[in-house]
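Here is what each chain is made of, one letter per residue.
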Amino acid sequence: MTDPAIPQDKRWTGFSPARIYALEPVFSAIALFLVALMIQTLAAMALDDRTLLAENVWSKPLKFQFALIIYLATLVWFATWLPPGTTRKPLYRIFSLIVGFCVLAEMLWISGAAMFGIQSHFNYSNPFMATIYPVMGFFAATLTSASLVYGILIARNRDSGLKPAVQFALVIGLVLTFFLTAFVAGFLSSQGTHLIGGALPDGEGFPVMGWSRQQGDLRVAHFLSTHAMHAIPLCGLLVSGLKKNRDALLMVAGFSVAYLVLVVFSFVQALNGQPFIAFVKV
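Here, residues in each chain are numbered from 1, in the same order as that chain's written sequence. Reporting in this predicted model follows two pLDDT cut-offs: at least 70 for local features of residues, and 80 or more for side-chain atom pairs to be given and counted; totals over whole chains, interfaces and linings ignore these cut-offs and use all residues. Think of the side-chain values as coming from all heavy atoms in the structure, minus any hydrogens and water.

Q: Give me the overall build of the protein: which residues, what numbers.
A: In this description a helix means any DSSP run of H or I spanning at least four residues, a strand means any run of E spanning at least two, and both kinds are numbered starting from the N terminus. If you tally the helices and strands in the protein, you get nine helices and four strands. Starting at the N terminus and ending at the C terminus, the protein contains elements arranged as α-α-β-β-α-α-α-α-β-β-α-α-α. Across the 282 residues that make up the protein, the buried fraction comes to 44%. Of the accessible surface of the protein, which amounts to about 14,800 Å², a share of 71% is contributed by carbon and sulfur atoms. Summary of the burial criterion: residues with accessible area below 20% of their type's maximum are buried, those above 50% are exposed, and those between are partly exposed, where the area comes from a 1.4 Å probe applied to protein chains only. Per-residue and other accessible areas follow the Shrake-Rupley method at a 1.4 Å probe size, with only the shown protein chains counted as cover for residues.

Q: A description of the packing of aromatic side chains should follow, citing residues and the corresponding values.
A: A pair of aromatic rings is counted whenever rings of Phe, Tyr or Trp (Trp by its six-membered ring) have centres within 6.5 Å, and the orientation is called stacked for planes under 30 degrees apart, edge-to-face for over 60 and tilted otherwise. In this structure the tally under the stated criterion is 13 aromatic pairs. Consider the rings of phenylalanine 178 and phenylalanine 179, whose centres lie 5.1 Å apart with planes at 75°: the pair is edge-to-face. Its relative accessible area of 17% is what places phenylalanine 178 among the buried residues. Among the residues examined, phenylalanine 179 registers a relative accessible area of 48% and is labelled partly exposed. One aromatic cluster is present, formed by Phe27, Tyr92 and Tyr150 through successive ring pairs.

Q: Break down a nonpolar patch on the surface for me, with residues and values.
A: Surface patches are drawn from residues lacking salt bridges whose relative accessible area is over 30%; two like charges belong together within 9 Å, two nonpolar side chains (Val, Leu, Ile, Met, Phe, Trp, Tyr) within 5 Å. Any Lys or Arg side-chain nitrogen found within 4 Å of a carboxyl oxygen on Asp or Glu counts as a salt bridge. A contiguous nonpolar patch, built from Leu262, Phe265, Phe276 and Ile277 and spanning about 310 Å² of accessible area, is present on the exposed surface. Note on placement: phenylalanine 276 falls in the segment after helix H9 (245-271). Given a relative accessible area of 31%, phenylalanine 276 falls into the partly exposed group.

Q: Describe in detail H9, supporting the description with residues and values.
A: The end-to-end C-alpha separation of H9 is 39 Å, in line with the 39 Å expected for 27 residues at 1.5 Å each. Residue contacts follow a heavy-atom distance rule, with two residues in contact if any of their heavy atoms lie within 4.5 Å. Looking at the packing, one finds that the buried side of H9 touches helix H6 (164-191), strand E3 (195-196), strand E4 (216-217), helix H7 (219-226) and helix H8 (228-239). Directly beyond the C-terminal end of H9, a positive phi value near 75° is found at glycine 273. Multiplying 1.5 Å by the helix residue count minus one yields the expected span of that helix.

Q: Help me get a handle on the environment of leucine 195, residues and values and all.
A: Along the chain, leucine 195 falls in strand E3. In this structure the C-alpha to C-alpha distance between leucine 195 and glycine 216, which are 21 residues apart in sequence, comes to 5.7 Å.

Q: Can you tell me about the packing of H7 against H8, naming the residues and giving the values?
A: Interaxial angle, 0 to 180 degrees, is taken between N-to-C directions of lines fitted to C-alpha atoms, where a helix line uses only the stretch in contact. One can describe the packing of H7 onto H8 by two numbers: an axis separation of 5 Å at closest approach and a directional angle of 50°. Considered as vectors, H7 and H8 are oriented oblique to each other. On the side of H7, the interface is formed by Leu224, Ser225 and Thr226, while H8 contributes Ala228, Met229 and His230. Of the residues contributing to the contact of H7 with H8, the split by class is three nonpolar, three polar and no charged. Any angle that is under 35 degrees is reported as roughly parallel, and any over 145 degrees as roughly antiparallel; angles of 65 to 115 degrees are reported as roughly perpendicular and all others as oblique. Residues are grouped as follows: nonpolar covers Ala, Val, Leu, Ile, Met, Phe, Trp, Tyr, Cys and Pro; charged covers Asp, Glu, Lys and Arg; every other residue, Gly included, is treated as polar.

Q: Explain the side chain of serine 266 residue by residue, including any values.
A: Topologically, serine 266 is positioned in helix H9. Classification of serine 266 by relative accessible area gives buried; the value is 2%. If we skip the residues at most four places from it in the chain, serine 266 touches Val220, Ala221, Leu224 and Phe276.

Q: I'd like a description of the packing of H6 against H9, backed by residues and values.
A: Relative to each other, H6 and H9 sit at 15°, their axes nearing to 10 Å. Here H6 lies roughly parallel to H9, going by the angle between them. Here H6 runs over H9; the crossing is right-handed. Across the interface between the two elements, Pro164, Ala165, Phe168, Ala169, Ile172, Leu176, Leu180, Phe183, Val184 and Phe187 from H6 touch Asn245, Ala248, Leu249, Val252, Ala253, Ser256, Leu260, Val263, Phe267 and Leu271 from H9. Each helix crossing is assigned a hand: it is left-handed if the near helix lies turned anticlockwise from the far helix by less than a right angle, otherwise right-handed if that turn is clockwise.

Q: Which residues make up the nonpolar core, and what are the values?
A: To define a nonpolar core, start from buried Ala, Val, Leu, Ile, Met, Phe, Trp, Tyr and Cys residues and group those joined through side-chain atoms within 4.5 Å. Among the nonpolar cores identified, the biggest contains 52 residues, and Phe27, Leu34, Leu72, Leu75, Tyr150 and Ile154 are the most heavily contacted of them. Elements with a minimum of two residues in this core: helix H2 (25-47), helix H3 (59-78), helix H4 (90-116), helix H5 (127-156), H6 and H9. Not counting chain neighbours up to four residues away, the residues in contact with leucine 34 comprise Gln65, Leu68, Ile69, Leu72, Val103 and Met107. Residues Ile232, Val239, Val252 and Tyr259 belong to the second largest nonpolar core, which totals 15 residues.

Q: How would you summarise the pattern of salt bridges if you had to cite specific residues and measurements?
A: When the charged atoms of two side chains with opposite charge come close together, those side chains can pair. Enumeration over the complete set of coordinates arrives at three salt bridges. In this structure, arginine 50 and aspartate 48 form a salt bridge, with 2.7 Å as the shortest nitrogen-oxygen distance. Notably, a salt bridge pairs glutamate 55 with lysine 63, separated by 3.2 Å at the nearest N-O pair. For lysine 63, a relative accessible area of 30% translates into the label partly exposed.

Rendered as structure tokens:
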């Protein structure tokens, strides 16, 4: 069996479903499963008007499903630039199955909590929930570790066919995603709440994201951390057309530093009880 043949100039676009599945079958299958699950969650949201913390009880599962679909789909795409044969190796297969299990366990926990109308995160109301919460935290860290593994493997691939700036951006984005997310999520978990300032959510947060516009919200830094794997590679792609590789690499490095500063700024801002985007009455 050989690796899927993907011309070097077509590796950012033009994937067929069969080729995508061949690149990373475990992550592809789970992403498709989550798409089907999202449809059911939308139906549940339409039929169930219960609320929790000023939001529909199914809002959190829906957000996590969408986020995990994006995460897994990105890894499937980036699997193109892993060293040839990586995804067929037994050790990698075991790792991908562990990551897939953690994704499914997270969704079972969050969706189950929604079904019972209770909080999944920061819930210490009974011994079971108090015990399961740190376990789910470990699962979350494990599934996020796939970004670090991918970053290391792509860095080691000397025959990726990528321009230096793009490969550098992929590596930096993936590695930063793991370390920033691990730090911010770990701190957030230890606080027992994502809000800094004392007030409960009022349902008037930032549209879609739900970030508070009245107090500090650590979810902003968490969001930015998890999307370093998208923002920085995009920068690499945009500057890859520069004539000098050195200039493109410097642009990626500069953008990466700026992105890191943004994450730190949003984190410190939340700790000071200040909203990322202030509340404005319309």
